[in-house]
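Spelled out, the chains give:
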Amino acid sequence: MSQHPLASSLQAWKELEQLYASKGKQINLTKAFKDDPKRFETYSRSFNSSKTDASFLTDFSKNLIDDEIYKKLLSLAKEAKVEQQRDDMFAGKPINSSEGRSVLHIALRDLPQDFNPPVEGVDEVKGELEHMKQFSEQVRNGQWKGYTGKQIDTIVNIGIGGSDLGPVMVCEALKPYAKRDLTAHFVSNIDGTHMAEALRASNPETTLFIVASKTFTTQETITNATTARDWFLKSAGDKAHVAKHFVALSTNVKAATEFGIDKANMFKFWDWVGGRYSLWSAIGLSICLVIGYNNFEQLLLGAHEMDLHYKNTPLDKNIPVLLALFGIWYTDFHGCQAHMLLPYDQYMCRFADYFQQGDMESNGKTITKDGERVNYETGPIIAGQAGTNGQHAFYQEIHQGTRLIPCDFLAPAQSHNPLGPHHDILISNFLAQPEALAFGKSEEEVKKELSAQDQQNSFLVKSKIFEGNRPTNSIMFPKLTPAVLGALIAMYEHKIATQGFIWGINSFDQMGVELGKVLAKKILPLLQGGDVSKVDGAGHDSSTSGLTKYYLTHRQK
Ligand SMILES: O=P(O)(O)OC[C@H]1O[C@@](O)(CO)[C@@H](O)[C@@H]1O
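Residues numbered from 1 in each chain as written. Predicted model: local features only at pLDDT ≥ 70, side-chain atom pairs only at ≥ 80, totals over all residues. Heavy atoms only, no water.

Thoughts on the packing of aromatic side chains
For the coordinates displayed, the defined rule picks out 30 aromatic pairs. A centroid spacing of 5.0 Å and a plane angle of 35° characterise the contact between Phe-47 and Phe-56, whose relative ring orientation is tilted. The burial state of Phe-47 is the same as that of Phe-56; both residues are buried. A ring pair is formed by Phe-60 and Phe-326, whose centres lie 5.3 Å apart and whose planes are at 55°; its orientation type is tilted. In this pair, Phe-60 is assigned in the loop between β2 (56–59) and α4 (67–79) and Phe-326 in helix α15 (residues 319–333), connecting sequence segments 266 residues apart. Residues Phe-60 and Phe-326 agree in their burial class; the two are buried. Taken together, the ring pairs in this structure connect Trp-13, Tyr-20, Trp-329, Phe-333 and Tyr-376 into an aromatic cluster. (Phe/Tyr/Trp six-rings, centres within 6.5 Å; stacked < 30°, edge-to-face > 60°. Buried < 20%, exposed > 50% of the residue type's maximum accessible area, 1.4 Å probe, protein only. Helix = DSSP H or I, 4+ residues; strand = E, 2+ residues; numbered from the N terminus.)

See the structure below:
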């Protein structure tokens, strides 16, 4: 019996195909809400935390489902053994089967030690957190001095992917909790501009560089770190001063030591922490420095509360599971290609960016864990922007485009910056968009607003019709606090994992990022050699060769 069968072979999947064919495309939300005045209550779920302020409301009622479809989706989760696969993850089983690793980001935030999976390194988490706490407090209170005895007023986090996106997103989202006299730069791109702009704004005497890299082999990060170290030594001179201005966050202590970073300034994590799931680990040091350890701990505790919810809640009340199932309903039965994350909070402006990696690097796969090619769609394209900006950018397509684009709308009831009418106006849009998407605007309603002459203009009338029945989830929380953010991030982490469990894929490796890196390393010597005459004989296709020659003949001399 296959451990990870094709999802399409499951009985519930086959029955969902029949349901889609028979009525899936005909679900009419206007009628559904009219027929069931309690639809909001029926399909809303609350998340409540007993130990933090992380509580929120999730409204699933504007999804294209009825009770029969809803129950069949739950059957799919059951038949796909979602609960067993979840429990295996929490127990530390090596579910990342291609790398033979556990997947235990939940252990990074299990401060109450509710789970305690028997895996090497889990018992060191608290010690590393204590190290992060001590160090961040020394920097923030001025005890940690640079090589000329001055306090640190600037940090430069050097990392990419999961070693960058999480810290960037969280530091932006929790800016109200930031130490405003500590400037944080995040350098990720190998494009020299990224590092040049950060160095231009930094003083070597008062800057701390954080080299964040799980493997400590990533070309962009090591190159950027080397450039930063050379820049620093131009001013500091003595290599002994590096220890005061460089720290490393990695699983690779050997490589970090060889780079010249003092072992005492290393913050370690473990191979069971995936890069895109690592902000809770030492990779979160920049977060501790910016918002303080206590707020970082609240972030962890909020995520832990969501872990408890995901682990212990029956499927029909389990918010990450429901998000996963509705997403599969659209991806695999409605044929949707994308999913939008639309936070109506400017501080969450990097939230969708973060989950581009979180979701697409986890579920952008075609091979099941049994080695079969899937015959269905897997991870969607993730995009989004803070509201209301997105409304003035791409909502036209969401409302009237040819394809269905499911959206998650998120918003706080309270703003950190209650300016005049701003928050009411923001929330009025947060409420109106899902309403417009769900219920649209009929031809009759359009014509009522047009002159008799314009009513005869078929193009004009039809251009103003909104078909509606465009699905959304709405999530509201009291205020964007560290614990609420932690719970929201964990909620989406578990949604993504649940979808992977159902699709039978390994959501926790990333083989797809390797080929491009290998080819770039092959091309680099050709560019560094600079000899155009050698390009045609280098074994590349005519396109790559032609572009290479263009570069060599046009680049800076
Ligand atoms: O933290 P590191 O080892 O430098 O990896 C950075 C990023 O590179 C990857 O593309 C893997 O190579 C992401 O999965 C990862 O978050």
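Comments concerning the nonpolar core
A general trend in soluble globular proteins is that nonpolar side chains are found buried together. Ranked by internal contacts, the top residues of the largest apolar core, which has 128 residues, are Trp-272, Trp-329, Leu-485 and Ile-489. Element by element, the count of residues in this core is highest for helix α22 (residues 482–503), at 14 residues. Built from parts of two domains, this core gets at least three residues from each of domain 1 (7–95 + 313–439 + 471–509) and domain 2 (106–295). When sequence neighbours within four positions are dropped, the list of residues in contact with Ile-489 reads Met-169, Val-170, Leu-279, Trp-280, Phe-351, Tyr-354 and Phe-355. (Core = buried A, V, L, I, M, F, W, Y, C linked by side-chain atoms within 4.5 Å. Domains from an automatic or database assignment. Contact = heavy atoms within 4.5 Å.)

Brief notes about the site of the ligand
Close to the ligand lie 14 residues; Ser-163, Ser-213, Thr-218, Glu-361 and Lys-517 are nearest. Thr-215 is positioned such that a nitrogen or oxygen atom in its side chain is 2.7 Å from an oxygen atom of the ligand. The side chain of Thr-218 places a nitrogen or oxygen atom 2.6 Å from an oxygen atom of the ligand. Considered on its own, the ligand offers 390 Å² of accessible surface; in the complex 87% of this is hidden by protein. Residues that form the shell around the ligand fall into these classes: 2 nonpolar, 9 polar and 3 charged. (Near = heavy atom within 4 Å. Polar contact = N/O pair within 3.5 Å; in protein donor to acceptor, adjacent residues only side chain to side chain. Areas by Shrake-Rupley, 256 points an atom, 1.4 Å probe, with all protein chains shown as cover. Nonpolar A, V, L, I, M, F, W, Y, C, P; charged D, E, K, R; others polar.)

Some thoughts on the packing of helix α23 (residues 514–529) against helix α24 (residues 542–554)
Closest axis-to-axis distance for the α23/α24 pair is 10 Å, and the angle between their directions is 35°. The hand of the α23/α24 crossing is right-handed. Here α23 contributes Ile-523, Leu-526 and Leu-527 to the contact with α24, which in turn contributes Thr-544, Thr-548, Tyr-551 and Leu-552. The class makeup of the residues in the contact of α23 with α24 is 5 nonpolar, 2 polar and no charged. (Axes fitted to C-alpha atoms, helices over the stretch in contact; angles between N-to-C directions. Left-handed = near helix turned anticlockwise from the far one by under 90°.)

Concerning the environment of Gly-384
Its place among the elements puts Gly-384 in the loop between β9 (381–383) and α17 (395–400). Along the primary structure Gly-384 and Tyr-70 are separated by 314 residues, whereas in three dimensions their C-alpha atoms are 26 Å apart. Sequence-distant contacts of Gly-384, defined by excluding residues within four places in its chain, comprise Met-340, Leu-341, Leu-342, Ala-352 and Phe-394.

Topic: the side chain of Ser-163
Structurally, Ser-163 is set in the loop between β3 (154–158) and α8 (165–173). We classify Ser-163 as buried; its relative accessible area is 8%. If sequence neighbours within four positions are ignored, Ser-163 has contacts with Asn-157, Ala-212, Ser-213, Lys-214 and Ile-283.

Considering the sheet that holds strand β4 (residues 183–187)
Pairing is parallel in the open sheet, where 5 strands are placed in the order β4-β3-β5-β6-β7. Of all the strands in the sheet, the pair left with one neighbour each is β4 and β7 (266–268). Going across the sheet, the axis of each strand differs from the next one's by a mean of 15°, ignoring polarity. For strand β5 (residues 207–212) and strand β6 (residues 246–250), the ladder comprises 4 bridges, and the chain directions are parallel. By the bridge assignment, Ala-212 is partnered in β6 with Leu-249. The strands that helix α9 (residues 192–200) touches are β3, β4 and β5; relative to β4, the one it contacts most, it runs at about 165°. (Pairing = 2+ DSSP bridges.)

Digging into the environment of Ala-12
As for its position among the elements, Ala-12 is in helix α1 (residues 11–22). Setting aside its immediate chain neighbours within four residues, Ala-12 contacts Lys-72, Ser-75, Leu-76 and Glu-79.

Some words on the confidence of the model for the protein chain
In this model, the protein chain carries a mean pLDDT of 97, and residues with pLDDT of at least 70 account for 100%. Least confident of the elements in the protein chain is helix α12 (residues 253–259), whose mean pLDDT is 94; most confident is strand β10 (residues 407–412), at 99. Two numbers describe this predicted complex: its pTM, 0.98, and its ipTM, 0.99. (pLDDT = per-residue confidence, 0-100.)

Description of the domain arrangement of the protein chain
Taken domain by domain, the protein chain consists of domain 1 (7–95 + 313–439 + 471–509), domain 2 (106–295) and domain 3 (512–554). Using C-alpha coordinates to define each centre, domain 1 is positioned 42 Å away from domain 3.

Let's talk about the state of the cysteines
As used here, a disulfide is simply a covalent bond connecting the sulfur atoms of two cysteines. Under the definition given, this model contains 0 disulfides. Cys-407 takes part in no disulfide bond, and the closest cysteine sulfur to it belongs to Cys-336, at a distance of 9.9 Å. Assessed through its relative accessible area of 2%, Cys-407 is described here as buried. (Disulfide = S-S within 2.5 Å.)

Points about a nonpolar patch on the surface
Judged by side-chain polarity, Leu-515, Val-518 and Leu-519 come together as a nonpolar surface patch covering roughly 280 Å² of accessible area. By relative accessible area, Leu-515 is classed as exposed at 56%. (Patch = residues over 30% accessible without salt bridge, like charges linked within 9 Å, V, L, I, M, F, W, Y side chains within 5 Å. Salt bridge = Lys/Arg side-chain N within 4 Å of Asp/Glu carboxyl O.)

Quick word on unusual backbone geometry
With an omega dihedral of 10°, the bond running from Gly-387 to Thr-388 counts as a cis peptide bond. Along the polypeptide, Thr-388 turns up in the loop between β9 and α17. The residue Asn-116 is not glycine, and still its phi comes out positive at about 50°. Summarising the element assignment, Asn-116 is placed in the loop between α6 (105–108) and α7 (125–140). Judged by its relative accessible area of 42%, Asn-116 is partly exposed.

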